[in-house]
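The primary structure of each chain is shown beneath.
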Amino acid sequence: DVPFVVKTEYQVCSADESSGEVILLKEDGSTKEDLNLPTFVRIGEPTDDDKKVTDEILKGMDEGKNVSVIVQAACGEEKIVGTKITDN
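Residues numbered from 1 in each chain as written. Predicted model: local features only at pLDDT ≥ 70, side-chain atom pairs only at ≥ 80, totals over all residues. Heavy atoms only, no water.

1. Describing a negative patch on the surface
Then, number 1: Taken together, the side chains of Asp-16, Glu-17, Glu-21, Glu-33, Asp-55 and Asp-62 present a region of like negative charge at the surface.
Then, number 2: Assignment of secondary structure puts Glu-21 in strand E2 (residues 21-25). (Patch = residues over 30% accessible without salt bridge, like charges linked within 9 Å, V, L, I, M, F, W, Y side chains within 5 Å. Areas by Shrake-Rupley, 256 points an atom, 1.4 Å probe, with all protein chains shown as cover. Salt bridge = Lys/Arg side-chain N within 4 Å of Asp/Glu carboxyl O. Lys, Arg positive; Asp, Glu negative; His and termini not counted. Charge placed at Lys NZ, Arg CZ, Asp CG, Glu CD. Helix = DSSP H or I, 4+ residues; strand = E, 2+ residues; numbered from the N terminus.)

2. Here we look at the pairing of strand E4 (residues 66-74)
Then, number 1: Across 6 bridges, strand E1 (residues 6-15) lies against E4 in antiparallel orientation. Bridge assignment links Val-6 to a residue of E4, and that residue is Ala-73.
Then, number 2: Pairing of E4 with strand E5 (residues 77-86) involves 9 bridges; the strand directions are antiparallel. Across the sheet, the residue bridging to Val-67 is Ile-85, located in E5.
Then, number 3: In this structure, the hairpin formed by E4 and E5 is closed by a connection of 2 residues, where Cys-75 is found at a positive phi of approximately 55 degrees. (Pairing = 2+ DSSP bridges.)

So far we have only geometry, and geometry alone does not tell us how the molecule works.
Below, the structure written as structure tokens:
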């Protein structure tokens, strides 16, 4: 069987570098608070891509830009896999 993969874009409300917690805004205005920055992994070590995406999120937030993330969901797991950063 091939896993069913879904990618969803969310706006980032906040990202905490020390705890790894990320608060995302859903389309309906509610928040999603069950994901961490990609460098906070449960198994193994973060990849170079994880580090790059985390740096992009934190830098964009520090600079006051609009930061959105791409969340990939498959096999009951979700992970932030990309960013979209735009000026306000």
